Amino acid sequence: LFASKLFLSCILSALLSISNAQLLEVNGDKIVNSISGDEIILNAINFGNWMVMEGYMMNSVAQAPDQHTWKNKLTGLMGSANTKTFYDAWLGNHVSQADIDQIRSWGFNSVRVPLHYEYFVNSGTPDVWNDQGFTVLDNLISWCKTAGIYVIIDLHAAPGGQSNSAISDYDSTKPSLWESEANKAKTVALWKKLSERYKSEPWVAGYDLINEPAWDLPGGVALKDLYGRITDAIRANGDNHILFIEGNWYSNDYTGLTPAWDANMVYVFHKYWSNNSTQDIKWITDFRDAQNRPIWCGEHGENSNDHFTKIVETFKENNIGFSWWPMKKFSSINDFADAKFPPGYNDLLNYFGGTNPGLSPATAFNTVMQLAENVKL
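Small disclaimer: the values here were computed from a predicted structure and weren't measured.

Brief notes about the pattern of salt bridges
And then number 1: Taken as a whole and assessed by the stated rule, the structure comprises 20 salt bridges.
And then number 2: Residue glutamate 299 pairs with arginine 112 through a salt bridge whose shortest N-O separation is 3.0 Å. Of the two residues, glutamate 299 is situated in strand β9 (residues 295-301) and arginine 112 in strand β4 (residues 110-116); the sequence distance between them amounts to 187 residues.
And then number 3: Classification of glutamate 299 by relative accessible area gives buried; the value is 3%.
And then number 4: On the accessibility criterion, arginine 112 (0% relative accessible area) is buried.
And then number 5: The salt bridge involving aspartate 338 is made with lysine 340; its shortest N-O contact spans 2.8 Å.
And then number 6: Taking relative accessible area as the criterion, aspartate 338 reaches 36% and is therefore assigned partly exposed.

As structure tokens, then:
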């Protein structure tokens, strides 16, 4: 009996230790386990082109450069019901438990999850919450918990759009995030809702509040103000998850964003195509030293194998975690998993471009459903 009690005590202690070990916080210029104090380097993969479809990855820059254009043209051809069926299949196939298991087997310890607000809350007023996005995110987090993978939740397409259309699904015929108080309020409300849902989830490493803002925001005042409002909404929930803060102009301009206004805050930078030596990232390591805050590279990728090898070495030498962009693309070699466009896909693009008006709705539906099937791992 004593031995049995001792065994059960050890099991419970181990489970408690595992649970506590998941909690992350900021300590000086490091992200650490809040119980053990051990530094955690977040090495992640991004799910680009999943909730936020981007024209350059769909080979549709000329015909449909962003998700809302893609969706509107597809709806015009085959109707809203069939279009929803396709996008539901796309969401379900693009990221599944098999993808999480593969990422774990590759040796990564985290994923960055780019969200499109439209899967969570409507575009109009008053706010109407959409269960679809929350269910999809719940499922992903549950798979990550099982695999021991941290989740960074990234608002990639904020209400109204915070950047150019290809990145944030901005519609130039409507007010942007920065031009509409209603869009700002909706962004704050969305983060409040996400925080209420995940505030007690230790496998959520933190919240990337706004991806790659790129707007003329003099002195960073409007950006800092919106970040402050989101911070207040999250902290009011009793939620102490890490806040990942991106600078203006695609995450690299921190004008107006220093000093840090929250104890659990990480500065995020993005790096594409530029040189990959320690000297080349000195600007951000100097920034880390000056602010005594952690830095994290939220996106890097889409280059050559040689470049990839050198940047991994450089980040490792400088104690910087980073997240590859993206996991999957079509007909490409500078990513982790390659999908194929189905037969008939060019006919669909030609329809989008106005040069194939005779494309039938049935043919288009079969093509996009095969597209959704092909994106499975």
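Remarks on the environment of glutamine 291
And then number 1: Relative to the helices and strands, glutamine 291 resides in helix α10 (residues 282-291).
And then number 2: With 31 residues separating them along the chain, glutamine 291 and alanine 260 place their C-alpha atoms 7.7 Å apart.

Comments concerning the environment of phenylalanine 336
And then number 1: The topology assignment puts phenylalanine 336 in the loop between β11 (328-330) and β12 (337-339).
And then number 2: Residues phenylalanine 336 and tryptophan 324, spaced 12 residues apart in sequence, show a C-alpha to C-alpha distance of 9.0 Å.
And then number 3: Excluding its chain neighbours within four sequence positions, the residues that come into contact with phenylalanine 336 are Ile45, Trp106, Phe108, Trp324, Pro326 and Met327.

Quick notes on unusual backbone geometry
And then number 1: Across the junction of threonine 258 and proline 259, the peptide omega takes the value -5 degrees, indicating a cis bond.
And then number 2: By secondary structure assignment, the location of proline 259 is in the loop between α9 (248-251) and β8 (265-271).
And then number 3: Here the residue pair tryptophan 325 and proline 326 is connected by a cis peptide bond, since its omega of -20 degrees sits within 30 degrees of zero.
And then number 4: In this structure, asparagine 59 takes a positive phi of about 60 degrees despite not being glycine.
And then number 5: Mapped onto the elements of the fold, asparagine 59 is located in the loop between β3 (44-46) and α2 (67-78).
And then number 6: Taking the relative accessible area as the measure of exposure, asparagine 59 reaches 46% and is therefore partly exposed.
And then number 7: Unusually for a residue other than glycine, glutamate 302 sits at a positive phi of about 55 degrees.
And then number 8: Following the sequence through the fold, glutamate 302 ends up in the loop between β9 and α11 (305-317).

Focus: the sheet that holds strand β5 (residues 150-157)
And then number 1: Strand order in this closed barrel of eight strands is β3-β4-β5-β6-β7-β8-β9-β10, and the pairing throughout is parallel. Pairs of neighbouring strands in the sheet enclose a mean axial angle of 25 degrees, with direction left out of account.
And then number 2: With three bridges connecting them, β3 and β4 associate as parallel partners. Note that in β4 the partner of isoleucine 45 across the bridge is valine 111.
And then number 3: In the packing of α10 onto the sheet, contacts are made with β8 and β9, and the angle to β9 comes to roughly 160 degrees.

Remarks on the pairing of β4
And then number 1: Most of β4 sits out of view: seven of its seven residues are buried.
And then number 2: Burial along β4 is two-sided: Ser110, Arg112, Pro114 and His116 facing one way and Val111, Val113 and Leu115 facing the other are all buried.
And then number 3: Pairing geometry for β4 and β5, over seven bridges, is parallel. When the sheet's bridge partners are listed, serine 110 is paired in β5 with tyrosine 150.
And then number 4: Since β4 and β5 lie parallel, the crossover through helix α5 (residues 131-147) that links them has a hand, and here it is right-handed.

Some thoughts on the confidence of the model for the chain
And then number 1: In the predicted model, the chain carries a mean pLDDT of 93, and the fraction of residues at 70 or more is 94%.
And then number 2: Note on residues 1-21: pLDDT is under 50 here. Beyond four places in sequence and across chains, it has five contacts.

Quick notes on the state of the cysteines
And then number 1: Tallying each qualifying case throughout the model produces zero disulfides.
And then number 2: Cysteine cysteine 144 is unpaired, with the sulfur of cysteine 297 as its nearest cysteine sulfur at 20 Å.

Quick look at the pairing of strand β10 (residues 322-325)
And then number 1: Neither face of β10 is left uncovered, since the one carrying Phe322 and Trp324 and the one carrying Ser323 and Trp325 both have all their residues buried.
And then number 2: Bridge count for β3 against β10 is two bridges, and the pairing is parallel. Of the residues in β10, the one forming a bridge with alanine 44 is serine 323.
And then number 3: The sheet contact formed by β9 and β10 spans three bridges and is parallel. The residue bridging glycine 301 from the neighbouring strand is tryptophan 325, located in β10.
And then number 4: The parallel pair β9 and β10, bridged by α11, forms a crossover whose chirality is right-handed.

A look at the nonpolar core
And then number 1: Phe47, Trp70, Phe86, Val111, Leu209 and Leu348 are the most contacted members of the largest nonpolar core, which has 92 residues in total.
And then number 2: The element best represented in this core is α5, accounting for seven residues.
And then number 3: When near neighbours in sequence (up to four residues on either side) are disregarded, leucine 209 contacts Leu155, Trp191, Tyr227, Ile230, Thr231, Ile234, Leu243, Phe244 and Ile245.
And then number 4: Counting 15 residues, the second-largest nonpolar core is a separate cluster that includes Leu24, Ile242, Val266 and Val268.

Calculation notes
Residues numbered from 1 in each chain as written. Predicted model: local features only at pLDDT ≥ 70, side-chain atom pairs only at ≥ 80, totals over all residues. Heavy atoms only, no water. Salt bridge = Lys/Arg side-chain N within 4 Å of Asp/Glu carboxyl O. Helix = DSSP H or I, 4+ residues; strand = E, 2+ residues; numbered from the N terminus. Buried < 20%, exposed > 50% of the residue type's maximum accessible area, 1.4 Å probe, protein only. Contact = heavy atoms within 4.5 Å. Pairing = 2+ DSSP bridges. Axes fitted to C-alpha atoms, helices over the stretch in contact; angles between N-to-C directions. Right-handed = clockwise from strand over helix to strand, strands pointing away. pLDDT = per-residue confidence, 0-100. Disulfide = S-S within 2.5 Å. Core = buried A, V, L, I, M, F, W, Y, C linked by side-chain atoms within 4.5 Å.

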